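Summary of structural features
The lines below spell out each chain.
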Amino acid sequence: AQKVTQAQTEISVVEKEDVTLDCVYETRDTTYYLFWYKQPPSGELVFLIRRNSFDEQNEISGRYSWNFQKSTSSFNFTITASQVVDSAVYFCALSEEPSGYSTLTFGKGTMLLVSP
Amino acid sequence: DVKVTQSSRYLVKRTGEKVFLECVQDMDHENMFWYRQDPGLGLRLIYFSYDVKMKEKGDIPEGYSVSREKKERFSLILESASTNQTSMYLCASSPRQGRTYEQYFGPGTRLTVT
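Heads up: these notes are all about the structure in this document. (Residues numbered from 1 in each chain as written. Chains lettered and ligands numbered in written order. Predicted model: local features only at pLDDT ≥ 70, side-chain atom pairs only at ≥ 80, totals over all residues. Heavy atoms only, no water.)

Here's the deal with the overall build of chain A
Test applied: Where helices and strands are cited, they refer to DSSP runs of H or I of at least four residues and of E of at least two residues respectively, numbered from the N terminus. Radius of gyration means the value over C-alpha atoms here, while the globule rule gives 2.2 Å times the residue count to the 0.38 power. Each residue is placed in one exposure class: buried if its accessible area under a 1.4 Å probe, protein chains only, is under 20% of its type's maximum, exposed if it is over 50%, and partly exposed if it falls in between.
When helices and strands are counted, chain A shows zero helices and 12 strands. The N-to-C order of helical and strand elements in chain A reads β-β-β-β-β-β-β-β-β-β-β-β. A globule of 116 residues ought to have a C-alpha radius of gyration of about 13 Å, and chain A, at 14 Å, matches this closely. Counting only C-alpha atoms and orienting by the principal axes, one finds that chain A spans roughly 45 × 25 × 20 Å. Looking at chain A as a whole, 47% of its 116 residues are labelled buried.

And the structure:
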């Protein structure tokens, strides 16, 4: 069975600090997809990134970067120079459905609090 | 832009009532999903649908049913609401074209059952 673990329940940082959110997954499939979502206080989940199991290249998007390592089954998310607007709950998710149903297994989320 | 809307942001119902939560998406997506979100438990899949009139159970379907009569609309039904169904309910949709796509979420409905 697939599983996603976000061991950090809550992280508090001061603005401009860098912060890394950890995600460890378990799957028996060789083809799978990993996702990160952000849930701000308003409640709506916002898609951040999708990664497939064959692409281990790290990705950077502005202050956000993702480190995918199959050897350790991890897909960590780093925010550089954090801002108050980054305060949110962040979810990592895994999909093993290449058939197209796109069902996701979510981790329990990490609440990030960025203080001014 | 994909738009997923849910009929209510907040809902208060009494134990035993029949409750309908409605979700509509405007991007012609085949897949639609219902999750509930509880503190410390993350998001858990209740039901999903990959086509009109088709449905599949998720991880926690007990106490719920769904209906998909039109492609754009996916309803979650609580036949007889109970207090342990107090939760945030999130609807999502995604396209289905033989690949795994990201899901797009609605704003959520916070349901309180008293």
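Still more ground to cover, so stick around.
Quick word on the packing of aromatic side chains
Using the following cut-off: Any two rings among Phe, Tyr and Trp, with Trp reduced to its six-membered ring, count as a pair given centres within 6.5 Å; such a pair is stacked if its planes are under 30 degrees apart, edge-to-face if over 60, and tilted if neither.
In the structure shown here, the tally under the stated rule is 20 aromatic pairs over all chains. Measuring from centroid to centroid gives 5.5 Å for Phe106 of chain A and Tyr35 of chain B, while their planes differ by 90 degrees, and the two rings are edge-to-face. Residue Phe106 of chain A is found in strand β11 (residues 105-106), and its partner Tyr35 of chain B is found in strand β4 (residues 31-38); the two belong to separate chains. Each member of the pair Phe106 of chain A and Tyr35 of chain B is classed as buried. Between Phe33 of chain B and Tyr35 of chain B, the aromatic rings sit 6.3 Å apart at their centres with planes inclined by 25 degrees, giving stacked as the arrangement.

Points about the interface of chain B and chain A
Keep this limit in mind: Contacts: residue pairs with any heavy atoms within 4.5 Å of one another. Two parts placed together each lose some accessible area under a 1.4 Å probe, and adding up what both lose gives the buried area. Throughout this description, the term salt bridge denotes a Lys or Arg side-chain nitrogen within 4 Å of a carboxyl oxygen of Asp or Glu. Pairs of N or O atoms within 3.5 Å make up the polar contacts considered here, provided that, within protein, one atom can donate a hydrogen while the other can accept it, and that residues adjacent in sequence are counted only when both atoms are side-chain atoms. Throughout this entry, Asp, Glu, Lys and Arg are counted as charged residues, while Ala, Val, Leu, Ile, Met, Phe, Trp, Tyr, Cys and Pro are counted as nonpolar. The remaining residues, Gly among them, count as polar.
Listed by partner, the interface residues are 25 residues for chain B and 23 residues for chain A. The junction of chain B with chain A conceals about 2000 Å² of combined surface from both sides, 53% of it contributed by carbon and sulfur atoms. The interface formed by chain B and chain A includes one salt bridge. There are four residue pairs in polar contact (both at pLDDT 80 or more) connecting chain B and chain A. Sorting the residues of the side of chain B that touches chain A by element identifies β4, β5 (42-51) and β9 (87-94) of chain B as the ones contributing at least two each. Here the side of chain B that touches chain A is composed, by residue class, of 12 nonpolar, nine polar and four charged.

Brief notes about the sheet that holds strand β7 (residues 65-70) of chain B
All names here are of chain B. Which entries qualify depends on this criterion: When DSSP finds at least two bridges between two strands, those strands are taken to pair. As a rule, the C-alpha atoms of each element are fitted with a line to give its axis, helices using only the stretch in contact, and angles between N-to-C directions run from 0 to 180 degrees.
Here four strands make up an open sheet; going across it, the order is β1-β3-β8-β7 and the pairing antiparallel. A single partner strand is all that each edge strand has here, and the edge strands are β1 (4-6) and β7. Across the sheet, the mean angle separating the axes of adjacent strands is 20 degrees when strand polarity is ignored. Note: β7 against strand β8 (residues 73-78), four bridges, orientation antiparallel. Of the residues in β8, the one forming a bridge with Val66 is Leu76.

Looking at the state of the cysteines
Think of a disulfide as a covalent bridge from one cysteine sulfur atom to another cysteine sulfur atom. What counts is decided by this rule: Cysteine sulfur atoms that pair up within 2.5 Å are treated as a disulfide.
In this structure the tally under the stated criterion is two disulfides over all chains. With a sulfur-sulfur separation of 1.9 Å, Cys23 of chain A is cross-linked through a disulfide to Cys92 of chain A. One quick way to see it: the torsion about the S-S bond of Cys23 of chain A and Cys92 of chain A is about -65 degrees, and its sign makes the bridge left-handed. One end of the pair, Cys23 of chain A, is in the loop between β3 (19-21) and β4 (24-26); the other, Cys92 of chain A, is in strand β10 (residues 88-95), and 69 residues separate them in sequence. Assessed through its relative accessible area of 0%, Cys92 of chain A is described here as buried. Between the sulfur atoms of Cys23 of chain B and its disulfide mate Cys91 of chain B the distance is 1.8 Å. One quick way to see it: the torsion about the S-S bond of Cys23 of chain B and Cys91 of chain B is about -80 degrees, and its sign makes the bridge left-handed. Note that Cys23 of chain B is positioned in strand β3 (residues 19-25) and Cys91 of chain B in strand β9, a separation of 68 residues in sequence.

Considerations on the nonpolar core
Across soluble globular proteins, you tend to see nonpolar side chains buried next to one another. Under the convention used in this document: To define a nonpolar core, start from buried Ala, Val, Leu, Ile, Met, Phe, Trp, Tyr and Cys residues and group those joined through side-chain atoms within 4.5 Å.
Trp36, Phe77, Tyr90 and Leu112 of chain A are the most contacted members of the largest nonpolar core, which totals 23 residues. Those elements that provide at least two residues to this core are β2 (10-14), β3, β5 (33-39), β8 (64-69), β9 (74-79), β10 and β12 (110-115) of chain A. Per element, the largest residue contribution to this core is four residues, and it comes from β10 of chain A. Ignoring anything within four residues of it in the chain, the contact list for Leu112 of chain A reads Ile11, Val13, Val19, Ile79, Asp86, Ser87, Ala88 and Tyr90 of chain A. Val4, Tyr47, Phe74 and Tyr89 of chain B belong to the second largest nonpolar core, which has 20 residues in total.

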